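Residues per chain, in single letters:
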Amino acid sequence: MEPRESAEDYLEAILRVKEKQNYVRSVDVAKLMDVSKPSVTYATKKLRESGYITMDDNGMILFTHIGEKLAKETWTRHQTLSKLFISLGVKEKQALIDACKVEHDLSEETFKAIQKFINKK
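Thresholds, definitions, all that
Every chain's residues receive numbers from 1 upward, in the order its sequence appears when written. In keeping with the predicted nature of the model, local features appear solely for residues at pLDDT of at least 70, side-chain atom pairs appear and are counted solely at 80 or more, and the whole-chain, interface and lining totals rest on all residues. Calculated side-chain values reflect all of the structure's heavy atoms, with hydrogen atoms and water omitted. Each helix corresponds to a stretch of at least 4 residues labelled H or I by DSSP, and each strand to a stretch of at least 2 residues labelled E; elements are numbered beginning at the N terminus. Atoms considered for the radius of gyration are the C-alpha atoms alone. The globule rule reads 2.2 Å times the number of residues to the power 0.38. Burial here depends on accessible area, computed with a 1.4 Å probe over protein chains only, as a share of the maximum for the residue type. Under 20% is buried, over 50% is exposed, and the range in between is partly exposed. Contacts between residues were defined by any pair of non-hydrogen atoms, one from each residue, lying within 4.5 Å. Note on areas: Shrake-Rupley, 1.4 Å probe, and residue coverage restricted to the protein chains presented here. Counting rule applied: Lys, Arg positive; Asp, Glu negative; His and chain ends not counted. Charge coordinates come from a single atom per side chain, which is NZ of Lys, CZ of Arg, CG of Asp or CD of Glu. Counted as salt bridges are all cases of a side-chain nitrogen of Lys or Arg within 4 Å of a carboxyl oxygen of Asp or Glu. For helices, the fitted line uses only the C-alpha atoms of the stretch in contact; every axis is such a line through C-alpha atoms, and the angle between N-to-C directions lies from 0 to 180 degrees. Should an angle fall under 35 degrees it is taken as roughly parallel, and over 145 as roughly antiparallel, whereas 65 to 115 is taken as roughly perpendicular and any remaining angle as oblique. In a left-handed crossing the near helix is turned counterclockwise from the far helix by less than a right angle, and in a right-handed crossing that turn is clockwise. Classification used: nonpolar for Ala, Val, Leu, Ile, Met, Phe, Trp, Tyr, Cys and Pro, charged for Asp, Glu, Lys and Arg, polar for all others including Gly.

A word on the overall build of the chain
Along the backbone of the chain there are six helices and two strands. Along the chain, from the amino end to the carboxyl end, the secondary structure elements read α-α-α-β-β-α-α-α. A compact globule built from 121 residues would reach a C-alpha radius of gyration of about 14 Å, and the chain, at 15 Å, matches this within 12%. Along the first, second and third principal axes, the C-alpha atoms of the chain reach 45 × 25 × 25 Å. Looking at the 121 residues of the chain, the share that counts as buried comes to 36%. If you take every contact in the chain between residues at least 6 apart in sequence, the share linking residues at least 24 apart comes to 53%. Put simply, the chain shows about 7800 Å² of open surface, and 53% of that area lies on carbon and sulfur atoms. One way to put it: in the chain the 21 positive side-chain charges average out to a point 4 Å from where the 19 negative ones average out.

As structure tokens, then:
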């Protein structure tokens, strides 16, 4: 997995946890992503170094402006692609898996065309 893809996956997971419970702990991210806590610790260290997140005194994960922007963009891609695949007849579970794979590599032009197509439906 490429570093950018991994970072986007973690940022997306952090956003999903934040939207669900309004706070984010490493253990919550590990549970959602089905990875080990040490994997999340390593990833959050890299995300902090890249300026995408910070940690408060209680160990809660907080987005920086740029981190939240990237997380929302990635999540939007994921949701849009999932909808497209489901509308094509792909089962939801598989559509979600495939959307996660495609969301990182799709050009902006192609994504905008897909988004326009989905929004017309």
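A short note on the pattern of salt bridges
Under the criterion given, the structure shown has nine salt bridges. Of the charged contacts in the structure, one is a salt bridge between Glu68 and Lys18, with a shortest N-O distance of 3.3 Å. Placement of the pair is Glu68 in helix H4 (residues 65-87) and Lys18 in helix H1 (residues 3-21), with a sequence separation of 50 residues. On the basis of relative accessible area, Lys18 is assigned to the partly exposed category, the value being 30%. We note a salt bridge from Lys72 to Glu68, for which the minimum N-O separation is 3.6 Å. Linking Lys72 with Glu68, this pair stays in helix H4, spanning four residues, or about one helical turn. Take Lys72: its relative accessible area is 43%, and that puts it in the partly exposed class. Among the charged side chains, a salt-bridge network with shared partners connects Lys18, Glu68 and Lys72.

Focus on the packing of H4 against helix H5 (residues 92-102)
Closest axis-to-axis distance for the H4/H5 pair is 8 Å, and the angle between their directions is 135°. As summarised for this structure, H4 and H5 are arranged oblique, according to the angle between their axes. Seen from above, H4 lies across H5 with right-handed handedness. Counted together, His78, Leu81, Ser82, Phe85 and Ile86 of H4 and Glu92, Ala95, Leu96, Asp98, Ala99, Cys100 and Val102 of H5 form the full contact between these two elements. Residue composition of the contact of H4 with H5, by class: eight nonpolar, two polar and two charged.

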